[in-house]
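# Understanding the architecture of this molecule
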Amino acid sequence: MRLLLLPNPIKTPLFHRFIPTQLLSSSSSSPRSSSFLRMAIPPKQAAASSSSSSAAGEGLASRFWIKSRRESIFSVYTPFVLSLASGTLPIEAFRHYISQDFHFLKAFAHAYELAEECADDDDAKIAISDLRKGVLEELKMHDAFVQEWGIDPTKEGTVSTATVKYTDFLLATASGKVEGVKAPGKLATPFERTKVAAYTLGAMTPCMRLYAHLSKEIQALTGSEESSHPYKKWIDNYSSESFQASTLQTEELLDKLSVSLTGEELDIIEKLYRQAMNLEIEFFSAQPLTQPTVVPLIKEHILAENRVVIFSDFDLTCTVVDSSAILAEIAIVTAPKSDQAQPQNQIARMSSADLRNSWGLLSGQYTEEHEQCIEGIMPPEKVDFNYQTLCKALEPLSDFERRANSRVIESGVLKGLNFEDIKRAGERLILRDGCTSFFQKLVKNEKINANVHFLSYCWCADLIRSALSSGGLDALNVHANEFTFEESISTGEIVKNIESPVDKVKAFNNILKNYGDDRKNITVYIGDSVGDLLCLLQADIGIVIGSSSSLRRVGSQFGVSFVPLYPGLVNKQKEYIDGSTVRWKGLSGTLYTVASWAEIHAFILGW
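Below you will find a few notes about this structure. (Residues numbered from 1 in each chain as written. Predicted model: local features only at pLDDT ≥ 70, side-chain atom pairs only at ≥ 80, totals over all residues. Heavy atoms only, no water.)

## Regarding the nonpolar core
- Ranked by size, the top nonpolar core spans 145 residues in total, and within it Trp234, Phe439, Phe603 and Ile604 carry the most contacts.
- Here Phe603 is in contact with Tyr77, Val294, Val295, Pro296, Leu297, Ile541, Ile543, Leu565, Leu569 and Trp584, once residues within four sequence places are set aside.
- Residues Ile374, Ala404, Tyr515 and Leu533 belong to the second largest nonpolar core, which totals 39 residues. (Core = buried A, V, L, I, M, F, W, Y, C linked by side-chain atoms within 4.5 Å. Buried < 20%, exposed > 50% of the residue type's maximum accessible area, 1.4 Å probe, protein only. Contact = heavy atoms within 4.5 Å.)

Spelled out as structure tokens, the structure:
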């Protein structure tokens, strides 16, 4: 659940966006009441609620596919699929894949046969029979591969462990060896048999949908009319209307067979669906490659002489709501009422009503002046990319941010916040899906010489530390502003460490200088706003998450190119010639865009 997240938020330094008075008027006057209740919603519960509402009205198979978005991304980003998409996959690797796929398809056909025997409905039997015929036709397609590439699937070595794991799982499911199902041969009622058929389709549907998805993704990059791609026949087959129709038919059949199942039985199907997706990733990941690949990034930087330095913004890069909104709400819901006497030995605070008014005025003033400042720095026409020119252009924005921050401090709206309230809010702060797991895997991998730094305009670094600590990430480096406290109560003053885009890039460069030149550094910066622009461009790899219109507007006008990450990696993969290494280099004027942390995870760490 998002905490008072405004539409089309403007990302700013210390003075991020504030909560409009009208959104705060419903806050209870009792401290930690409705507002803290909203903050107390666990991230997983909030994410599940959002997922359920977004999937409302969708069929079962569609809902499962939406919830498997992360797994589909990891499949697309495997070295094998990326090499296939780029057309650089060695023929030997493709031959091995076809030989393994041959064994897989045979198991698929047999699973359909078992599912057909279990289906009680005549229409379902006919539908399953048609799908099985489609698989048999797909097996015949391999004959064409034999002729074109000299492949004999029956003589291409042993079946790999990853292939066996999937085929064993699939055939066990089709044979009724599933949790909550009677032993094979004892399925007495039509309902029990139909349930096994539904379970079988649950284990098969994700494979069909994933192949349909992968082929469409690749076709979009290669172009349907491009004839030079070495694996065009494979791409055309799986992106064809007939295969896409078969995929949809499989999903509709799963929906139909699942209509009479209980909630518990539907949960079992979902587990089977997710297990099949994970086994697909393992299958693609297990395909042997002798060539170098651009994914995962750490593959080339594991050795002791290399160092990977990951920089990340925090607000709206890692979080789904800006930290200033949380600090504002803490201030207002814990502030005294207008008629409430304040203890003489405590820091004097505004009343909750005065705080609402002050936040609203500051917010309105900031929003108006920020937009004016952005317009003022924009060149009348697009210019070629020049980093120094951009740095100079952003100086007025940095000056504006400092003035705005001073107004906030002088207003006194930050006085009287309790450190324990801030800490609890941080512990309950909802991070973007996949963000925490990425950093957890990064820091726990002892083979990676990786260093992580958060560069943030957040007013209170303790809020960030608390949020990271709740995810077991205590050791990460946080560079942000700091509240000053007297006996755990904020004084309203801030230690200003990072207020502007210029401050951020200075901190970025100082951190790198402290590492020295004993090892080769590769730097990655992840951000979402104009305030991150200089760091994004300075890094060897700059990754933009989200869809900030102001960032793209400013960047584009100053000659910055925004390239979706996956197509960018496909093009990078094509640069590998005779085993040469692709070099990542900052100040190129190119930034890569992603929609989720799963893409970042898949690119940097792999599965």
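Structure's up, so let's keep going.
## With respect to the packing of helix 11 (residues 232-239) against helix 12 (residues 241-257)
- Axis separation between helix 11 and helix 12 bottoms out at 5 Å; the angle between their running directions is 45°. In terms of axis orientation, helix 11 runs oblique to helix 12. Where helix 11 abuts helix 12, its residues Asn237, Tyr238 and Ser239 lie against Glu241, Phe243 and Gln244.
- A breakdown of the residues in the contact of helix 11 with helix 12 according to their chemical character gives two nonpolar, three polar and one charged. (Axes fitted to C-alpha atoms, helices over the stretch in contact; angles between N-to-C directions. Helix = DSSP H or I, 4+ residues; strand = E, 2+ residues; numbered from the N terminus. Parallel < 35°, antiparallel > 145°, perpendicular 65-115°, else oblique. Nonpolar A, V, L, I, M, F, W, Y, C, P; charged D, E, K, R; others polar.)

## Quick word on the sheet that holds strand 1 (residues 306-312)
- In spatial order, the strands read 4-3-1-7-8-10-9; together these seven strands make up an open sheet with parallel pairing. Two strands bound the open sheet, and with one partner strand each, they are strand 4 (477-479) and strand 9 (561-564). Ignoring strand direction, the axes of neighbouring strands in this sheet form an average angle of 25°.
- Where strand 1 lies against strand 3 (residues 450-455), five bridges are found, and the strand directions are parallel. (Pairing = 2+ DSSP bridges.)

## Notes on helix 15 (residues 352-377)
- Under the 1.5 Å per step criterion, the end-to-end length of helix 15 is 37 Å for 26 residues, consistent within 8% with the ideal 38 Å.
- Every buried residue of helix 15 is accounted for by Ser352, Leu355, Arg356, Ser358, Trp359, Leu362, Ser363, Tyr366, His370, Cys373, Ile374 and Ile377. (Expected span 1.5 Å × (residues − 1).)

## A short note on the pattern of salt bridges
- All chains considered together, the criterion is met by 23 salt bridges.
- Note that Glu71 and Arg274 form a salt bridge whose closest N and O atoms lie 3.0 Å from each other. In this pair, Glu71 sits in helix 5 (residues 69-76) while Arg274 sits in helix 13 (residues 263-285), placing the two residues 203 residues apart along the sequence.
- The shortest N-O distance in the salt bridge between Arg407 and Glu369 comes to 3.3 Å. Separated by 38 residues along the polypeptide, Arg407 in helix 17 (residues 395-411) and Glu369 in helix 15 bring together distant segments of the chain.
- One connected set of salt bridges, linked through shared partners, spans Arg307, Asp518 and Arg519. (Salt bridge = Lys/Arg side-chain N within 4 Å of Asp/Glu carboxyl O.)

## Some thoughts on the packing of aromatic side chains
- Summed over the entire model, instances satisfying the criterion amount to 33 aromatic pairs.
- With a centroid separation of 6.2 Å and an interplanar angle of 50°, the aromatic rings of Tyr211 and Trp234 are classed as tilted. You can see Tyr211 sitting in helix 10 (residues 190-222) and its partner Trp234 sitting in helix 11, a full 23 residues away along the chain. The same class applies to Tyr211 and to Trp234, which are both buried.
- Between Tyr211 and Phe284, the ring centres sit 5.8 Å apart and the planes meet at 35°, which makes this aromatic pair tilted. Here Phe284 lies in helix 13 and Tyr211 lies in helix 10, a separation of 73 residues in the sequence. Like Tyr211, the residue Phe284 is buried in the burial classification.
- Positioned over the ring face of Trp584 is Lys572, at 4.8 Å from the centre of the ring. (Phe/Tyr/Trp six-rings, centres within 6.5 Å; stacked < 30°, edge-to-face > 60°. Lys NZ or Arg CZ within 6 Å of the ring centre and 35° of its normal.)

## Thoughts on the pairing of strand 7 (residues 520-527)
- The element strand 7 is extensively covered by neighbouring structure, given that six of its eight residues are classed as buried.
- Here seven bridges tie strand 1 to strand 7, and the two strands are oriented parallel to one another. Bridging across to strand 7, Ser312 finds its partner in Ile526.
- Summarising the sheet, strand 7 and strand 8 (residues 541-545) pair through four bridges and their orientation is parallel.

## Considering the pairing of strand 6 (residues 489-495)
- Where strand 2 (residues 415-418) lies against strand 6, two bridges are found, and the strand directions are antiparallel. Across the sheet, Asn418 pairs through a bridge with Ile489, a residue of strand 6.
- As defined by bridge partners, strand 5 (residues 482-486) adjoins strand 6 across four bridges and the pair is classed as antiparallel. Paired with Phe483 across the bridge in strand 6 is Ile494.
- Turn length for the strand 5-strand 6 hairpin, with the two strands adjacent in sequence and antiparallel, is two residues, and the turn residue Glu487 shows positive phi of about 50°.

## Digging into the sheet that holds strand 5
- Taking strand neighbours across the sheet as the criterion, the three strands line up as 2-6-5 in an open arrangement whose pairing is antiparallel. Bordering the open sheet on either side are strand 2 and strand 5, each of which pairs with just one other strand. For this sheet the average axis-to-axis angle between neighbouring strands, irrespective of direction, equals 55°.

## Topic: the packing of helix 7 (residues 91-118) against helix 9 (residues 161-174)
- At a closest axis distance of 9 Å, the pairing of helix 7 and helix 9 adopts a crossing angle of 5°. On the basis of the axis angle, helix 7 is roughly parallel to helix 9. Taking contact as the criterion, the partners of Gln100, His103, Phe104, Ala107, Phe108, His110, Ala111 and Leu114 in helix 7 are, on helix 9, Thr163, Tyr166, Thr167, Leu170, Leu171 and Ala174.
- Partitioning the contact of helix 7 with helix 9 into residue classes produces nine nonpolar, five polar and no charged.

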